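Here are the chains, one letter per residue:
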Amino acid sequence: MSKTAPSSRLPRWMTSFGPQIIAALIVGLLLGLAAKYTGSTAEQPNGLGEALQIIGSSYVALLRTAVIPLIFFAVVASIANLSKVTNAARLAWQTLLWFGITALISVTIGMALGLVFQPGANTGQGTPEEYTGKTGDWLGFLTGLVPSNFLGLGASTRMDDGVASTSVSFNVLQILVIAIAVGVAALKVGKAAEPFLNFSASILAIIQKVLWWIIRIAPIGTVGLIGNAVATYGWDTIGALGKFTLAIYVGLALVLFALYPVLVRLHGLSIKQYFSGVWPAVQLGFVSRSSIGTLPLTQRVTERNLGVPSGYASFAVPLGATTKMDGCAAIYPAISAIFVAQFFQIDLTLTDYLLIALVSVLGSAATAGTTGAIVMLTLTLSTLGLPLAGVGLLLAVDPIVDMGRTAVNVAGQALVPTIVAKREGILDLDLYNAPRNGNPFAEDNLSEELEPAKA
């Protein structure tokens, strides 16, 4: 009779993604405070501050490395997957409709909070001297959609002390346009495009596997990202724009913890199961500040935890990662526009508030899933005719605000496919209501996902 070997596995709380991220947040906060109060600044970081900066920037660089191929192949594959879904046109329409509904409600919340908090009144924060201003309007936005080359890439060279340095950038909107065109064309071509679509699916699987490896080291990146944010911006900067930052986070909290739960309950689903299912992606979105970088995990939890069919999720989640931005494109520009108007003592009319809502609902693609929402803010201010110098007023706290914005974006990107799937009767309720095993990185074995957690 053989004896059972004693288990050498670590406790679940030590190996689960959520506790690891929370522990990393605490460690990063403590290290960031230690760096700041030992003299580290953004211009002259000390050893600890520089280490945190390198760790954080290196992790973001790893995420960005896969952004271009991820966007292209994810969108192409998502459009191709519509052919495998019953009522594809209806699902696509329902998805876009609920994107707009949640954006409209979110921007209304943002405008209400801007009027209640009065964040720009008596702020006393001047425009940074180095800020030269940005221009942005609807015509510029529309012309920017036209791809300058097949990859949507651009290059810029600058001289620094006689040394030329060239940096390569990419226009996410142009890549999105190219991917949509290629995906629709592949669907129209039919059987002749099957080798290309199979190749695209294989490349996407490889890219996502690499991203899984990057996401697995998210706790390490979290220490650097949070630590660097605290060491660089500290509490002084937040205090200077405290009412603005508070208003933003109150708005984000209302969307995440009030609006989304109401929609979940109205569709007859468990609020607890929704949050426990989506939370790993929300945590990663908070620390990475990138909806695109979080996309593989968002899609994984939407399918594995929330029970959305893979064929539909592979269309809706990538689309949401590039266009569904309740944080960046609704709450943030609404409160920011009101802040800028109050700062420069400009009265807003009812038409101005309607324009804010219109820009938020229709212009969210301008944020394009990357870190930051400056493009969306510039678009909103230029549409209202407000001073674009107002953008500079908000740059100081943008990294801190952006963490909360992205977390809400990610939660919404998983919510809409879930409620649409429920409305269309294709949601796997057994999977939605199943106990969570706390491991969103498990291999494709649904029995493991459904297995109740062991004590």
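Further up the page is the structure itself.
Model, not experiment: these values are computed from the prediction.

About the criteria used
- Residues numbered from 1 in each chain as written.
- Predicted model: local features only at pLDDT ≥ 70, side-chain atom pairs only at ≥ 80, totals over all residues.
- Heavy atoms only, no water.
- Patch = residues over 30% accessible without salt bridge, like charges linked within 9 Å, V, L, I, M, F, W, Y side chains within 5 Å.
- Areas by Shrake-Rupley, 256 points an atom, 1.4 Å probe, with all protein chains shown as cover.
- Salt bridge = Lys/Arg side-chain N within 4 Å of Asp/Glu carboxyl O.
- Helix = DSSP H or I, 4+ residues; strand = E, 2+ residues; numbered from the N terminus.
- Buried < 20%, exposed > 50% of the residue type's maximum accessible area, 1.4 Å probe, protein only.
- Phe/Tyr/Trp six-rings, centres within 6.5 Å; stacked < 30°, edge-to-face > 60°.
- Expected span 1.5 Å × (residues − 1).
- Core = buried A, V, L, I, M, F, W, Y, C linked by side-chain atoms within 4.5 Å.
- Contact = heavy atoms within 4.5 Å.

Chemist: Please explain a nonpolar patch on the surface as it appears in this structure.
Modeler: Where nonpolar side chains cluster on the molecular surface, the patch consists of Ile-55, Leu-62, Ile-217 and Ile-220 and spans about 330 Å² of accessible area. With respect to the element layout, Leu-62 can be found in helix H3 (residues 47-65).

Chemist: Please clarify how unusual backbone geometry should be interpreted in this entry.
Modeler: Comment: phi is negative for the bulk of residues other than glycine, and the bulk of peptide bonds are trans. One non-glycine residue, Gln-118, lies in the positive phi region at around 50°. Taking the relative accessible area as the measure of exposure, Gln-118 reaches 32% and is therefore partly exposed.

Chemist: What am I meant to see in the packing of aromatic side chains here?
Modeler: For any two aromatic rings, the description comes down to two numbers: the centre-to-centre distance and the angle of the planes. Tallied over the full model, the rule gives 8 aromatic pairs. Each ring, one from Phe-275 and one from Trp-279, has its centre 6.4 Å from the other, and the planes form 70°; the classification is edge-to-face. You can see Phe-275 and its partner Trp-279 sitting in helix H11 (residues 271-288), 4 residues apart, about one turn around the helix. Residue Phe-275 is classed as buried on the basis of its relative accessible area, which comes to 15%. Through pairs of rings, three or more aromatic residues link up here, namely Phe-257, Tyr-274, Phe-275 and Trp-279.

Chemist: In this structure, what is going on with helix H18 (residues 398-423)? I would like to understand it.
Modeler: For the α-helix, the turn length of 3.6 residues means that residues three or four positions removed from each other point alike. A rise of 1.5 Å per residue sets the reference length of H18, with its 26 residues, at 38 Å; its end C-alpha atoms lie 37 Å apart and thus fit the reference within 8%. Most of H18 sits out of view: 24 of its 26 residues are buried. In the stretch just after H18, Gly-425 is the one whose phi turns positive, near 75°.

Chemist: Which parts of the structure should I look at to understand the nonpolar core?
Modeler: For soluble globular proteins, nonpolar side chains are generally found buried alongside one another. With 103 residues, the main nonpolar core has Phe-244, Tyr-260, Tyr-274, Tyr-312, Ile-356 and Leu-386 as its most contacted residues. Examining the composition of this core, we find that 11 residues originate from one element, H18, more than from any other. When sequence neighbours within four positions are dropped, the list of residues in contact with Tyr-260 reads Val-255, Tyr-274, Asp-326, Val-408, Ala-411, Gly-412 and Leu-415.

Chemist: Just checking my understanding: could you explain the pattern of salt bridges for this structure?
Modeler: Any two side chains of opposite charge can pair, so long as their charged atoms come close to each other. Taken as a whole, this structure holds 2 salt bridges when the rule is applied. Between Arg-90 and Glu-424 there is a salt bridge, with its nearest N and O atoms 2.9 Å apart. Separated by 334 residues along the polypeptide, Arg-90 in helix H5 (residues 88-117) and Glu-424 in the loop between H18 and helix H19 (429-432) bring together distant segments of the chain. Of the charged contacts, one joins Asp-402 and Arg-405 as a salt bridge, the two residues approaching to 2.7 Å between their closest N and O atoms. Of this pair, Asp-402 and Arg-405 both sit in helix H18, separated by 3 residues, roughly a single helical turn. Each member of the pair, Asp-402 together with Arg-405, is buried.

Chemist: When you look at the environment of Asn-228 in this model, what are you seeing that I'm missing?
Modeler: Tracing the backbone through its elements, the reader meets Asn-228 in helix H9 (residues 218-240). Aside from chain neighbours lying at most four places away, what touches Asn-228 is Gly-49, Leu-52 and Gln-53.

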